[in-house]
Amino acid sequence: DVNLIRIPLSPFKGLDIETPPLGDKKALPVELIQKIIDIPYREEQKGNGYTLFNLAKDCFLLSLCFAGMNSVDLFRCDNLSDNVITYYRKKTTSRRPDKAEMQIRVENCMDRLADKYRDPTGQRLFKFYLRYSTPISFNRALNEGLRQLSKELGVEPFVYYAARHSWATIAHSSAVGVDKATVHDGLNHSDPSMKMTEIYIKKDWTNIWEANRKVLNVFDWSELELMYLI
(Lines give C-alpha, C1' and ligand atoms only; values in the text may rest on other atoms or scores of the structure.)
Protein backbone atom coordinates (compact mmCIF):
# COMPACT_ATOMS: atom_id res chain seq x y z
CA ASP A 1 0.00 0.00 0.00
CA VAL A 2 2.89 2.41 0.70
CA ASN A 3 4.84 1.23 -2.37
CA LEU A 4 7.55 -0.32 -0.22
CA ILE A 5 8.97 -3.20 -2.22
CA ARG A 6 11.76 -4.91 -0.33
CA ILE A 7 12.57 -7.31 -3.20
CA PRO A 8 12.06 -5.30 -6.41
CA LEU A 9 13.05 -8.12 -8.75
CA SER A 10 11.41 -11.49 -9.03
CA PRO A 11 13.82 -14.35 -8.23
CA PHE A 12 11.73 -16.62 -10.48
CA LYS A 13 11.65 -14.41 -13.60
CA GLY A 14 14.18 -16.44 -15.56
CA LEU A 15 13.01 -19.80 -14.31
CA ASP A 16 11.39 -22.14 -16.81
CA ILE A 17 9.24 -24.82 -15.20
CA GLU A 18 8.81 -27.92 -17.28
CA THR A 19 5.36 -29.37 -17.64
CA PRO A 20 5.29 -32.62 -15.64
CA PRO A 21 4.77 -35.75 -17.72
CA LEU A 22 1.33 -37.30 -17.76
CA GLY A 23 0.91 -40.14 -15.29
CA ASP A 24 0.54 -43.70 -16.40
CA LYS A 25 -2.87 -44.58 -17.73
CA LYS A 26 -4.75 -46.54 -15.09
CA ALA A 27 -7.33 -48.10 -17.39
CA LEU A 28 -7.62 -51.89 -17.31
CA PRO A 29 -8.06 -53.90 -20.53
CA VAL A 30 -11.48 -55.37 -21.25
CA GLU A 31 -10.14 -58.90 -20.86
CA LEU A 32 -8.93 -58.20 -17.31
CA ILE A 33 -12.23 -56.63 -16.26
CA GLN A 34 -14.03 -59.70 -17.59
CA LYS A 35 -11.77 -61.84 -15.38
CA ILE A 36 -12.75 -59.67 -12.40
CA ILE A 37 -16.41 -60.32 -13.20
CA ASP A 38 -15.85 -64.06 -13.56
CA ILE A 39 -13.49 -64.73 -10.65
CA PRO A 40 -15.25 -66.70 -7.87
CA TYR A 41 -16.00 -65.04 -4.56
CA ARG A 42 -14.19 -66.11 -1.43
CA GLU A 43 -16.19 -68.02 1.13
CA GLU A 44 -17.70 -65.93 3.89
CA GLN A 45 -19.05 -66.85 7.29
CA LYS A 46 -22.25 -65.52 8.76
CA GLY A 47 -21.70 -62.61 11.11
CA ASN A 48 -18.20 -61.74 9.89
CA GLY A 49 -19.32 -59.32 7.19
CA TYR A 50 -17.95 -59.22 3.67
CA THR A 51 -14.33 -60.13 3.03
CA LEU A 52 -12.23 -57.32 1.56
CA PHE A 53 -11.72 -59.44 -1.54
CA ASN A 54 -15.46 -59.74 -2.21
CA LEU A 55 -16.23 -56.17 -1.20
CA ALA A 56 -13.51 -54.76 -3.47
CA LYS A 57 -14.62 -56.86 -6.43
CA ASP A 58 -18.23 -55.73 -6.09
CA CYS A 59 -17.45 -52.06 -5.51
CA PHE A 60 -15.01 -51.93 -8.42
CA LEU A 61 -17.79 -53.29 -10.64
CA LEU A 62 -20.32 -50.89 -9.14
CA SER A 63 -18.01 -47.99 -9.98
CA LEU A 64 -17.66 -49.24 -13.55
CA CYS A 65 -21.44 -49.70 -13.82
CA PHE A 66 -22.03 -46.18 -12.49
CA ALA A 67 -19.76 -44.54 -15.10
CA GLY A 68 -16.72 -44.41 -12.82
CA MET A 69 -18.32 -43.23 -9.58
CA ASN A 70 -15.73 -42.33 -6.94
CA SER A 71 -15.65 -44.33 -3.71
CA VAL A 72 -16.61 -41.27 -1.62
CA ASP A 73 -19.75 -40.80 -3.72
CA LEU A 74 -20.58 -44.49 -3.54
CA PHE A 75 -20.21 -44.19 0.23
CA ARG A 76 -22.40 -41.07 0.53
CA CYS A 77 -25.07 -41.27 -2.18
CA ASP A 78 -28.63 -41.39 -0.89
CA ASN A 79 -30.98 -40.59 -3.77
CA LEU A 80 -32.57 -43.27 -5.97
CA SER A 81 -35.76 -42.45 -7.84
CA ASP A 82 -37.28 -44.17 -10.88
CA ASN A 83 -34.18 -46.37 -11.12
CA VAL A 84 -31.91 -43.31 -11.42
CA ILE A 85 -29.21 -42.41 -8.88
CA THR A 86 -28.69 -38.68 -8.35
CA TYR A 87 -25.58 -37.53 -6.51
CA TYR A 88 -23.23 -34.56 -6.33
CA ARG A 89 -19.60 -35.40 -7.01
CA LYS A 90 -17.75 -34.65 -3.81
CA LYS A 91 -14.47 -33.80 -5.51
CA THR A 92 -15.83 -30.84 -7.47
CA THR A 93 -19.18 -29.93 -5.92
CA SER A 94 -17.82 -26.74 -4.32
CA ARG A 95 -16.33 -25.54 -7.63
CA ARG A 96 -19.34 -25.98 -9.87
CA PRO A 97 -22.50 -23.86 -10.24
CA ASP A 98 -24.51 -27.08 -10.62
CA LYS A 99 -22.78 -28.56 -7.52
CA ALA A 100 -21.38 -31.27 -9.84
CA GLU A 101 -24.76 -32.99 -10.12
CA MET A 102 -24.71 -36.41 -11.74
CA GLN A 103 -27.55 -38.74 -12.64
CA ILE A 104 -26.90 -42.33 -13.66
CA ARG A 105 -29.45 -44.97 -14.55
CA VAL A 106 -29.21 -48.39 -12.91
CA GLU A 107 -28.91 -50.90 -15.75
CA ASN A 108 -30.28 -54.45 -15.53
CA CYS A 109 -26.87 -56.07 -15.16
CA MET A 110 -26.26 -54.26 -11.88
CA ASP A 111 -29.67 -54.61 -10.24
CA ARG A 112 -28.76 -57.53 -7.96
CA LEU A 113 -25.29 -56.15 -7.30
CA ALA A 114 -26.77 -52.88 -6.05
CA ASP A 115 -29.40 -54.70 -4.00
CA LYS A 116 -26.68 -56.72 -2.27
CA TYR A 117 -25.44 -53.62 -0.48
CA ARG A 118 -28.73 -51.71 -0.12
CA ASP A 119 -28.98 -49.78 3.16
CA PRO A 120 -31.71 -51.44 5.26
CA THR A 121 -32.31 -48.21 7.19
CA GLY A 122 -33.05 -46.17 4.07
CA GLN A 123 -30.79 -43.32 5.20
CA ARG A 124 -28.41 -43.86 2.30
CA LEU A 125 -28.50 -45.91 -0.86
CA PHE A 126 -25.76 -48.32 0.26
CA LYS A 127 -24.83 -49.60 3.70
CA PHE A 128 -21.06 -49.13 3.50
CA TYR A 129 -21.23 -46.36 6.12
CA LEU A 130 -22.57 -48.88 8.64
CA ARG A 131 -19.25 -50.73 8.54
CA TYR A 132 -16.77 -47.93 7.77
CA SER A 133 -16.79 -44.64 9.66
CA THR A 134 -15.35 -42.47 6.88
CA PRO A 135 -14.97 -42.53 3.09
CA ILE A 136 -11.20 -42.63 3.61
CA SER A 137 -11.31 -45.87 5.61
CA PHE A 138 -13.77 -47.29 3.07
CA ASN A 139 -11.47 -46.46 0.15
CA ARG A 140 -8.48 -47.89 2.03
CA ALA A 141 -10.37 -51.16 2.52
CA LEU A 142 -11.30 -51.30 -1.15
CA ASN A 143 -7.72 -50.84 -2.31
CA GLU A 144 -6.50 -53.54 0.08
CA GLY A 145 -9.14 -55.89 -1.32
CA LEU A 146 -8.13 -55.01 -4.87
CA ARG A 147 -4.52 -55.78 -3.99
CA GLN A 148 -5.66 -59.27 -2.97
CA LEU A 149 -7.76 -59.56 -6.10
CA SER A 150 -4.94 -58.53 -8.43
CA LYS A 151 -2.58 -60.99 -6.73
CA GLU A 152 -5.03 -63.85 -7.28
CA LEU A 153 -5.45 -62.83 -10.92
CA GLY A 154 -1.67 -62.68 -11.32
CA VAL A 155 -1.58 -59.07 -12.56
CA GLU A 156 0.03 -55.82 -11.47
CA PRO A 157 -1.79 -54.23 -8.50
CA PHE A 158 -4.49 -51.72 -9.43
CA VAL A 159 -6.61 -49.38 -7.34
CA TYR A 160 -10.31 -48.53 -7.18
CA TYR A 161 -9.85 -45.41 -9.31
CA ALA A 162 -8.87 -47.63 -12.24
CA ALA A 163 -12.58 -48.33 -12.77
CA ARG A 164 -13.12 -44.67 -13.69
CA HIS A 165 -10.21 -44.65 -16.13
CA SER A 166 -11.41 -47.94 -17.59
CA TRP A 167 -14.95 -46.66 -18.16
CA ALA A 168 -13.67 -43.61 -20.04
CA THR A 169 -11.19 -45.60 -22.14
CA ILE A 170 -13.70 -48.30 -23.10
CA ALA A 171 -16.40 -45.74 -23.88
CA HIS A 172 -14.15 -43.85 -26.30
CA SER A 173 -12.65 -46.97 -27.87
CA SER A 174 -13.35 -47.84 -31.49
CA ALA A 175 -15.39 -50.85 -30.35
CA VAL A 176 -17.89 -48.68 -28.43
CA GLY A 177 -17.48 -45.35 -30.20
CA VAL A 178 -18.79 -42.84 -27.66
CA ASP A 179 -17.70 -39.32 -28.59
CA LYS A 180 -15.26 -37.50 -26.34
CA ALA A 181 -17.78 -34.82 -25.31
CA THR A 182 -20.17 -37.46 -23.94
CA VAL A 183 -17.30 -39.21 -22.15
CA HIS A 184 -16.41 -35.83 -20.65
CA ASP A 185 -19.98 -35.39 -19.41
CA GLY A 186 -20.13 -38.98 -18.18
CA LEU A 187 -17.09 -38.37 -15.99
CA ASN A 188 -18.77 -35.19 -14.73
CA HIS A 189 -15.74 -33.07 -15.58
CA SER A 190 -15.99 -29.29 -15.72
CA ASP A 191 -14.89 -27.37 -18.81
CA PRO A 192 -13.87 -23.79 -17.82
CA SER A 193 -14.64 -22.51 -21.32
CA MET A 194 -18.22 -23.79 -21.05
CA LYS A 195 -19.12 -22.58 -17.56
CA MET A 196 -21.48 -19.82 -18.67
CA THR A 197 -23.11 -22.01 -21.31
CA GLU A 198 -23.69 -24.78 -18.76
CA ILE A 199 -25.72 -22.36 -16.64
CA TYR A 200 -28.27 -21.95 -19.44
CA ILE A 201 -28.38 -25.49 -20.85
CA LYS A 202 -30.29 -28.20 -19.04
CA LYS A 203 -28.21 -31.38 -19.20
CA ASP A 204 -29.62 -34.31 -21.15
CA TRP A 205 -28.66 -37.32 -19.06
CA THR A 206 -29.93 -39.83 -21.62
CA ASN A 207 -26.77 -39.44 -23.72
CA ILE A 208 -24.69 -40.50 -20.73
CA TRP A 209 -27.04 -43.37 -19.93
CA GLU A 210 -26.83 -44.65 -23.48
CA ALA A 211 -23.03 -44.39 -23.41
CA ASN A 212 -22.95 -46.29 -20.12
CA ARG A 213 -25.20 -49.02 -21.50
CA LYS A 214 -22.86 -49.46 -24.48
CA VAL A 215 -19.86 -49.85 -22.16
CA LEU A 216 -21.62 -52.43 -19.99
CA ASN A 217 -22.74 -54.40 -23.05
CA VAL A 218 -19.07 -55.07 -23.81
CA PHE A 219 -18.99 -57.54 -20.94
CA ASP A 220 -20.63 -60.87 -20.20
CA TRP A 221 -22.30 -60.56 -16.80
CA SER A 222 -23.79 -64.05 -16.72
CA GLU A 223 -20.94 -65.46 -14.58
CA LEU A 224 -21.32 -62.85 -11.88
CA GLU A 225 -22.72 -65.11 -9.19
CA LEU A 226 -23.61 -63.02 -6.21
CA MET A 227 -22.91 -64.55 -2.85
CA TYR A 228 -25.14 -63.26 -0.08
CA LEU A 229 -24.58 -63.86 3.60
CA ILE A 230 -26.91 -66.63 4.76
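Worth saying up front: this structure is predicted, and the values here are computed from it rather than measured.

1. A closer look at the environment of Asp220
Within the element layout of this structure, Asp220 appears in the segment after helix H9 (205-216). Expressed as a C-alpha distance, the spacing of Asp220 and Asp38, which sit 182 residues apart in the sequence, is 8.8 Å. Setting aside residues no more than four positions away along its own chain, Asp220 makes contact with Gln34, Ile37 and Asp38. There is a polar contact of 2.7 Å between the side chain of Asp220 and the side chain of Ser222.

2. Overview of a nonpolar patch on the surface
Taken together, Phe12, Leu15 and Ile17 make up a surface patch of nonpolar side chains, about 390 Å² in accessible area. Residue position: Phe12 is located in the segment before helix H1 (30-38). Overall, Phe12 belongs to the exposed group, its relative accessible area being 60%.

3. Considerations on the pairing of strand E2 (residues 84-88)
In terms of residue burial, E2 counts as a mostly covered element, since 4 of its 5 residues are buried. With 2 bridges joining them, strand E1 (residues 80-81) and E2 adopt antiparallel strand pairing. Residue pairing in the sheet places Ser81 in a bridge with Val84 of E2.

4. Concerning the pattern of salt bridges
In this structure the tally under the stated criterion is 6 salt bridges. Here Glu107 ties to Arg105 by a salt bridge, and the two come within 3.0 Å at their closest N and O atoms.

5. Describing the nonpolar core
Judged by nonpolar contacts, the single largest core of 65 residues is most densely connected at Phe66, Leu74 and Phe128. Top contributing element to this core by residue count: helix H2 (residues 52-65), with 9 residues. Discounting residues that sit within four places of it in the chain, Phe66 has contacts with Leu74, Ile85, Ile104, Val106, Met110 and Phe126.

6. Concerning the packing of aromatic side chains
In the structure shown here, the tally under the stated rule is 9 aromatic pairs. For the pair Phe126 and Phe128, a centre-to-centre distance of 5.7 Å together with 35° between the ring planes defines the contact as tilted. With a relative accessible area of 1%, Phe126 lands in the buried category. In this structure Phe128 comes out as buried when scored by relative accessible area, which is 3%. Centre to centre, the rings of Phe219 and Trp221 are 6.1 Å apart; their planes meet at 75°, and the pair counts as edge-to-face. Both residues of the pair, Phe219 and Trp221, count as buried. Aromatic rings pair up to connect Tyr50, Phe66, Phe75, Tyr117, Phe126, Phe128, Tyr132 and Phe138 into one cluster. Above the ring of Tyr129, the side-chain terminus of Arg124 is found at 4.5 Å from the ring centroid.

7. Regarding the sheet that holds E1
Taken together, the 3 strands give an open sheet; going across it, the order is E1-E2-E3, and neighbouring strands pair in antiparallel fashion. Looking at which strands have only one partner, the edges of the open sheet turn out to be E1 and strand E3 (101-105). Of the strands in this sheet, E2 and E3 touch H9, which is tilted by about 50° from E3.

8. Details of the confidence of the model for the chain
Chain-level pLDDT for the chain is 86 on average; 85% of the residues reach the 70-or-more range. The weakest mean pLDDT in the chain belongs to helix H8 (residues 195-200) at 52; the strongest belongs to helix H5 (residues 135-153) at 97.

9. Some details on helix H6 (residues 162-171)
Taking burial as the measure, the 10 residues of H6 include 8 buried ones, the bulk of the element. Inspection of H6 places Ala162, Ala163, Arg164, Ser166, Trp167, Ala168, Ile170 and Ala171 among the buried residues, and these make up the whole buried set. Of the surrounding elements, those touching the buried residues of H6 are H1, H2, helix H7 (180-186) and H9.

10. Here's the deal with H2
For an α-helix the count is 3.6 residues per turn, leaving residues at separations of three or four pointing the same way. Along its 14 residues, H2 runs 19 Å from first to last C-alpha, staying within 8% of the 20 Å computed at 1.5 Å per residue. Counted residue by residue, H2 has 13 buried out of 14 residues, so it is predominantly covered. Of the residues flanking the end of H2, it is Ala67, one or two places downstream, whose phi is positive at about 60°.

11. Digging into unusual backbone geometry
A positive phi angle, near 60°, is found at Ala67, a position not held by glycine. Its place among the elements puts Ala67 in the loop between H2 and helix H3 (71-76). Its identity is not glycine, yet Asn83 carries a phi of approximately 65°, on the positive side. Relative to the elements of secondary structure, Asn83 occurs in the loop between E1 and E2. Judged by its relative accessible area of 38%, Asn83 is partly exposed.

Calculation notes
- Residues numbered from 1 in each chain as written.
- Predicted model: local features only at pLDDT ≥ 70, side-chain atom pairs only at ≥ 80, totals over all residues.
- Heavy atoms only, no water.
- Helix = DSSP H or I, 4+ residues; strand = E, 2+ residues; numbered from the N terminus.
- Contact = heavy atoms within 4.5 Å.
- Polar contact = N/O pair within 3.5 Å; in protein donor to acceptor, adjacent residues only side chain to side chain.
- Patch = residues over 30% accessible without salt bridge, like charges linked within 9 Å, V, L, I, M, F, W, Y side chains within 5 Å.
- Areas by Shrake-Rupley, 256 points an atom, 1.4 Å probe, with all protein chains shown as cover.
- Salt bridge = Lys/Arg side-chain N within 4 Å of Asp/Glu carboxyl O.
- Buried < 20%, exposed > 50% of the residue type's maximum accessible area, 1.4 Å probe, protein only.
- Pairing = 2+ DSSP bridges.
- Core = buried A, V, L, I, M, F, W, Y, C linked by side-chain atoms within 4.5 Å.
- Phe/Tyr/Trp six-rings, centres within 6.5 Å; stacked < 30°, edge-to-face > 60°.
- Lys NZ or Arg CZ within 6 Å of the ring centre and 35° of its normal.
- Axes fitted to C-alpha atoms, helices over the stretch in contact; angles between N-to-C directions.
- pLDDT = per-residue confidence, 0-100.
- Expected span 1.5 Å × (residues − 1).

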